[in-house]
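Residue strings, one per chain:
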Amino acid sequence: MNAFLGLLTSLGVLWALWYLYLIVMGLYRAKLMGTLTRSALVLGSPALVIGWLLDWLVNWTLAALFFRELPHKPLELVTQRLTRYLAGPPCINKHYAQVICKHLLDPFDHSGKHCQ
């Protein structure tokens, strides 16, 4: 039962991180288009702060376990880890990074290439 609860919690944390990423990318897209209002920025700013903290925490815990490697820098985030794998030699982590970036991150980035 504890393992199931741990798995469920981990999936919830990863979903929350992705959801915060979507919010932040929406804010960034509005900023680039010149349509970001002060109200939207104020209401959306907690998503940026909480998202950064959660991203950092996930990179030091769940991502470290999943990729079987600690982050290379103290403030490294998950995207930096994925970008590092994409630039490296072929390996299973590179494959996972390609899948995560292609299906979950790149489609929501204004450039279409979040993991660069």
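Procedures and definitions
Residues numbered from 1 in each chain as written. Predicted model: local features only at pLDDT ≥ 70, side-chain atom pairs only at ≥ 80, totals over all residues. Heavy atoms only, no water. Salt bridge = Lys/Arg side-chain N within 4 Å of Asp/Glu carboxyl O. Helix = DSSP H or I, 4+ residues; strand = E, 2+ residues; numbered from the N terminus. Buried < 20%, exposed > 50% of the residue type's maximum accessible area, 1.4 Å probe, protein only. Arc of directions from axis to C-beta. Contact = heavy atoms within 4.5 Å. Phe/Tyr/Trp six-rings, centres within 6.5 Å; stacked < 30°, edge-to-face > 60°. Disulfide = S-S within 2.5 Å.

**Q** Which residues make up the pattern of salt bridges, and what are the values?
**A** According to the stated counting rule, one finds three salt bridges in the structure shown. Its salt-bridge partner being R84, residue E69 comes within 3.1 Å of it at the nearest N-O pair. Highlighted residues: E69 in the loop between α3 (62–67) and α4 (78–87) and R84 in helix α4, separated in sequence by 15 residues. In this structure, R84 engages E76 in a salt bridge whose closest nitrogen and oxygen atoms are separated by 3.1 Å. Taking the relative accessible area as the measure of exposure, R84 reaches 23% and is therefore partly exposed. Classification of E76 by relative accessible area gives buried; the value is 5%.

**Q** Describe unusual backbone geometry, listing the residues and the values that go with them.
**A** Generally, phi is negative for residues other than glycine and the peptide bonds are trans, each holding for most cases. Non-glycine residue R68 carries a positive phi angle of around 55 degrees. When you line up the elements, R68 lands in the loop between α3 and α4. Overall, the relative accessible area of 58% leaves R68 in the exposed class.

**Q** Can you tell me about α4, naming the residues and giving the values?
**A** Taken as a whole, α4 has its buried residues at V78, T79, R81, L82 and Y85. For α4, the angular spread of buried residues about the axis comes to 160 degrees, placing them on one side. Buried-residue contacts for α4 involve α2 (38–60), α3 and α5 (92–105).

**Q** Account for the packing of aromatic side chains, naming residues and giving values.
**A** Applying the stated criterion across every chain, the model contains six aromatic pairs. Seen in terms of ring centroids, F67 and Y85 are 5.0 Å apart; in terms of plane orientation they differ by 50 degrees. Their pairing is tilted. Separated by 18 residues along the polypeptide, F67 in helix α3 and Y85 in helix α4 bring together distant segments of the chain. Each of the two residues, F67 as well as Y85, counts as buried.

**Q** Before we move on, can you summarise the state of the cysteines with the specific residues and values?
**A** In total, this model carries one disulfide according to the counting rule given. The side chain of C101 participates in a disulfide bridge whose partner is C115; the two sulfur atoms lie 1.9 Å from each other. Across the disulfide from C101 to C115, rotation about the S-S bond amounts to roughly -90 degrees, and the bridge is consequently left-handed. With a gap of 14 residues between them, C101 in helix α5 and C115 in the segment after α5 connect regions that are remote in the sequence. We classify C101 as buried; its relative accessible area is 2%. Of all cysteine sulfurs, the one in C101 lies closest to C91, which takes part in no disulfide; the gap is 13 Å.

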